[in-house]
Amino acid sequence: MSEGDATFIEIHKRFTEKGEWDKIITSLLERLNETGWVDSLRDKSKESARSMETLRFEKLMETLNPHAQGSVPEGVRAEFVEQIRKFLESQIE
Amino acid sequence: MSQPAALTDQIVASPSPPKPPVIVIHEEDSTCSHLVALFTNESAKSALIKKYKSAVTWAASANLHKTQASKHTAKKRRLASPTCDACHVVLTRPVVCLECSFAGCWHNAHAVAHLRVSDHSFAVEAKTGAIFCASCDDFVYSNILDSLYDHINLSAAEKTLKYRDPGKIKEAYRQWSPDQKDQDFLQTSTTEVSSQGRRGLLNLGQTCAMNTILQSFIHNPLLRNYFLSDKHNYKLCLKPKDCMCCEMDKLFTEIFSGDPAPFGALSILPVMWRGSDSSSSFSEGYAQHDAHEFFISCIQHIHRTFKGSTESSCNCIIHSTFAGALASEIVCGKCRFSSTQVDPMLDISLELKGKDKDSSADEPTLHSCLRRRYTRAEKLPPKTYTCSKCGSNSDATKRLSFRKLPPVLAFQLKRFEHKTADKSSAHKITKPVRFPAQCNLAAFTSFGSNSEATSNIGPDILYDYDLFCVVNHEGAMDNGHYTNFARFEDEWYRFDDDKVTHAKLSQVLASNAYMLFYVKRQLDYHPVIRPSYVVSREKEAQREREREKEKLQTLNREIDDDLMRLLT
Ligand SMILES: [Zn+2]
Ligand SMILES: [Zn+2]
Ligand SMILES: [Zn+2]
Ligand SMILES: [Zn+2]
Ligand SMILES: [Zn+2]
Ligand SMILES: [Zn+2]
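What you are looking at is a predicted structure, and each value in this text was computed from that prediction instead of being measured.

1. Comments concerning the sheet that holds strand 1 (residues 95–97) of chain B
Residues and elements named next belong to chain B.
Next up, step 1: What the five strands build is an open sheet, ordered 2-1-3-4-5; its pairing is antiparallel. Of all strands in the sheet, those bounded by a partner on one side alone are strand 2 (103–104) and strand 5 (138–140).
Next up, step 2: The sheet contact formed by strand 1 and strand 3 (residues 122–125) spans three bridges and is antiparallel. Across the sheet, the residue bridging to Cys97 is Ala123, located in strand 3.
Next up, step 3: Along the sheet, helix 3 (residues 110–118) contacts strand 1, strand 2, strand 3 and strand 4 (130–133); its crossing angle with strand 1, the most-contacted strand, is approximately 15°.

See the structure below:
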C-alpha cells in the first residue's frame, strides 16, 4: 500500500467517524437531484443497459463513470469541494 | 372470496405502489442459474437467506440511523462502520460474502478477489441488496431476494417509527398471499388479464384535456387498485344515473379489457354537465377547457357520488388519495405568539413568477417553487393581522407548510395568467420548470422546517415520492393541445389522445409540464375501520329484526291468550 493510500484511508475514516461523510453525501444527493443530475444519470444508465447486447455491470460502469463525473454542475462541485476543504482544515492542527 | 384484513374497506395498495397487485407469487425468477441451483437445496437456501437478511438489515438500520442522526443537533451514538478486511478503508457501501464473515470494498475489487481466493460463490452489496455471483462474474437478479430486500427495508422503517412515537398508529404492512381457498378460486373462477392498462383515448371533439386527466387516473396506483378490486361495481350500483364512480368503474373496465383499440370515453362529459350547476364552466356542450379545471371538477364529482362521502374528513376514494392538509402559522413579531390554521387541500398550485433568492440555479425547479411558498416565513403587510395576545399589528410573519402529505400529490404549474376576467386576454408562461422523477418532501412539512420538531419527522423514506404522470400543454393558449406522459412500473409512455408511444425518462423530464402527479412510495395504513354508513346500516337492520321479533312475540302472546280463553 502506498503512502497516498494510507493517508486517504485515514482521512476517509475521520470523515465517516465524525458523521461528516453522511452529511455531505446526503446534501450532495439532494442538490444533484434538484439539478437533474440524478435523473439524467438514471436515464442514461437505463438506456445504455437497454442497448447493450449482453448486459454487464462493469461495462455499464465504464461507460457511465466519465459522464457521471463530467456532468456535475460547476457550482455544485465548487460548493462541495469547499465543504471538504473546510473539514480537512479543521482536522489539521 | 376471503379478503385479507388489511385490504377490506381500505384502499388496496401494495407497498411500492407502481407495481401491479401480485396474484401468483413466489414463482422463482432469477438471471443466475447458480443461484437457482443453490436454492434447490433447502438448507443451503436458508443459510444464504439468513446471511443476506443480516447484511441488508444492518445496512437498512445504519441508513435510518444516519438520516435520523443528521437531522438531530444533539450528537447521537453512531453505529461503528465496518472496514474492508483487505485494505481497511471504511466501508460506506460494504460488500458482504454470503458464505463467511468477510466484508470488503468494491472499488479496490477486494470483495470480488475474496470470492475468487476462497472459492465462495455469492456476495451482497448491503445497501442496495444487489447480489454478485462469482461464476457469472456479475450482479444477478433474484425475485426472491429482491422482495426480501423491500420487506426488510420497509419493516426497518416501521420499527423506527414505532420506537419514535409509540402513540402513533402506523399499521404494519402485511403482504397478501392467497391461501388454498383463494388459489382454488383464482384458478377456477377467474381469467387472467394483463395488469398493464394502456389504451389511447379518442378525441371526441376537443376532449384532449379530459383525456390527459383520465390517463392520470388510469395510471394512479390508488385509483386503479380501488376500481380494479371491484370496490364500486357499476353493475351493482344502486344510484339510478349520473354516478361518476360508475363512470370511473366503466372506464377502468374498458382500459383493462385487453382490447387494444382506442376507447372513446363518451359518457363522462354528459354526466359532468348534468351534475354541474349552471355557474360552473362545465355547462352543457362545453368541452375544451383547462386540464386542471377538468381535474378539479372531475374529482369533486367522484367524491359527491361516492357512497358515504362527507363534507369534512371524508373517506371516499378521492379524499383518501389526494387529501392533505396545509398549516399556516402566523408569528407575532412583538411577542412571538404564534397561531396556526390548518386547511385541507386536494392539490397544489405553484406560481412560476418571481425570483428564487436562495437558489443559485437560474432555471426554476419544482423545489425552488416549493421552497418559495412552503418553507420561507413571509412578512405580512402591516395592519393585515392583529395579534390576539398583545394586540400588535405590525411585523407579523406567516409561514406555510404541509401538515399532512397526501398519498398522491397533484401539482399545477400556473402557466396561464389571467390579467382580466376576459379569458381571451390571458397569456401563457412558457418557461421550463425542472422537476425530478423522485423527490423527498420532508423539508416542506410542518416538522421538517421547524427545528424543535425535527426529531418527530421519522425516517426520510416516509417522504419519498415518485413521479407517475405529467400533463403537458402544447402550443398557444387558445388553440393549444394537451398530451401527457404516464408511467407503468419503470417504463414511460406518451399519450396523445388515441396515439400511445413508448418514451424515455429524458423526454418526460424535458417536457414543458403543466401538471405533475407524484405518488408516495410508502403508504400509511390505518387499522381496518368499518365505514360509519355500513355500521349504521347494520345497526338499523338489527333494530328492524328486533322489532319484528317483538311483534311476533306479541302476536304469539295474543294467540296464546285467545287459546287460553277458549280452553277455560
Ligand atoms: Zn478493500
Ligand atoms: Zn467468503
Ligand atoms: Zn451465477
Ligand atoms: Zn355508481
Ligand atoms: Zn370525499
Ligand atoms: Zn403579539
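2. Some words on the UniProt feature "coiled-coil region" (unreviewed entry) in chain B
Next up, step 1: In the UniProt entry, the feature "coiled-coil region" (unreviewed entry) is given for residues 538–565 of chain B.
Next up, step 2: With 100% helix and 0% strand, residues 538–565 of chain B has its two end C-alpha atoms placed 40 Å apart.

3. A word on empty space enclosed by the protein
Next up, step 1: Taken as a whole and judged by the stated rule, the model has four cavities of 30 Å³ or more.
Next up, step 2: The volume enclosed by the largest cavity comes to roughly 120 Å³.
Next up, step 3: Contributing to the lining of the largest cavity are 15 residues, with His219(B), Arg224(B), Arg487(B), Phe488(B) and Glu489(B) lying nearest its centre.
Next up, step 4: Of all the secondary structure elements, the ones that give two or more residues to the lining of the largest cavity are helix 7 (221–228) and strand 16 (481–488) of chain B.
Next up, step 5: Taken domain by domain, the makeup of the lining of the largest cavity includes at least three residues from each of domain 2 (207–313) and domain 3 (334–520) of chain B.
Next up, step 6: Reported here for the second largest cavity is a volume of approximately 50 Å³.
Next up, step 7: For the lining of the second largest cavity, the secondary-structure elements that each account for two or more residues are helix 2 (20–34) of chain A together with helix 12 (366–374) of chain B.
Next up, step 8: For the lining of the second largest cavity, the residue count by class is three nonpolar, four polar and three charged.

4. A look at the nonpolar core
Residue and element names in this part refer to chain B.
Next up, step 1: Residues Leu214, Phe217, Met248, Ile268, Phe295 and Ile302 are the most contacted members of the largest nonpolar core, which totals 55 residues.
Next up, step 2: With residues up to four places along the chain from it excluded, the contact list for Phe295 reads Ile213, Phe217, Phe322, Asp347, Ala410, Met515 and Phe517.
Next up, step 3: If you look at the next biggest cluster of nonpolar residues, it comprises 38 residues, including Leu366, Leu405, Val433 and Val470.

5. Some words on unusual backbone geometry
All names here are of chain B.
Next up, step 1: Positive phi values are uncommon outside glycine, yet Arg336 reaches one of about 65°.
Next up, step 2: With respect to the helices, strands and loops of the structure, Arg336 is situated in the loop between strand 6 (324–331) and strand 7 (338–345).
Next up, step 3: Although it is not a glycine, Asp497 adopts a positive phi angle of roughly 50°.
Next up, step 4: When you line up the elements, Asp497 lands in the loop between strand 17 (491–496) and strand 18 (499–503).
Next up, step 5: Take Asp497: its relative accessible area is 10%, and that puts it in the buried class.

6. Thoughts on the interface of chain B and chain A
Next up, step 1: With 30 residues of chain B at the contact, the number on the chain A side is 25 residues.
Next up, step 2: Seen at the junction of chain B and chain A, the total is five salt bridges.
Next up, step 3: Linking Arg371(B) and Glu34(A) is a salt bridge whose minimum nitrogen-to-oxygen distance equals 3.0 Å.
Next up, step 4: Remark: the boundary between chain B and chain A carries 13 residue pairs in polar contact (both at pLDDT 80 or more).
Next up, step 5: Elements with a minimum of two residues in the side of chain B that touches chain A: strand 5, helix 12, strand 14 (438–440) and helix 13 (505–510) of chain B.
Next up, step 6: Per-class residue counts for the side of chain B that touches chain A are 12 nonpolar, nine polar and nine charged.

7. Here's the deal with the coordination of the zinc ion (ligand 2)
Residue and element names in this part refer to chain B.
Next up, step 1: Listed as protein donors to the zinc ion (ligand 2) are Cys97 (SG), Cys100 (SG), His114 (NE2) and His120 (ND1); their distances from the metal cover 2.0 to 2.3 Å.
Next up, step 2: Geometry at the zinc ion (ligand 2) is tetrahedral, judged from its four donor atoms and the angles of 99 to 115° they form at the metal.
Next up, step 3: Each donor residue of the zinc ion (ligand 2) belongs to the same chain, with the gaps between them written as C-x2-C-x13-H-x5-H.
Next up, step 4: We classify Cys97 as buried; its relative accessible area is 1%.

About the criteria used
- Residues numbered from 1 in each chain as written.
- Chains lettered and ligands numbered in written order.
- Predicted model: local features only at pLDDT ≥ 70, side-chain atom pairs only at ≥ 80, totals over all residues.
- Heavy atoms only, no water.
- Pairing = 2+ DSSP bridges.
- Helix = DSSP H or I, 4+ residues; strand = E, 2+ residues; numbered from the N terminus.
- Contact = heavy atoms within 4.5 Å.
- Axes fitted to C-alpha atoms, helices over the stretch in contact; angles between N-to-C directions.
- UniProt positions renumbered as here; feature names shortened; annotations may be inferred.
- 1 Å grid on protein atoms, 1.4 Å probe; cavity = no way out; pocket = protein on both sides within 12 Å on 5 of 7 lines; lining within 4 Å.
- Points joined across faces, edges and corners; volume = space filled by probe spheres on them.
- Domains from an automatic or database assignment.
- Nonpolar A, V, L, I, M, F, W, Y, C, P; charged D, E, K, R; others polar.
- Core = buried A, V, L, I, M, F, W, Y, C linked by side-chain atoms within 4.5 Å.
- Buried < 20%, exposed > 50% of the residue type's maximum accessible area, 1.4 Å probe, protein only.
- Salt bridge = Lys/Arg side-chain N within 4 Å of Asp/Glu carboxyl O.
- Polar contact = N/O pair within 3.5 Å; in protein donor to acceptor, adjacent residues only side chain to side chain.
- Donors = N, O, S within 2.8 Å, 3.2 Å for Na, K, Ca; no water.
- Tetrahedral: all angles 85-135°; square planar, octahedral: opposite > 155°, others 65-115°.

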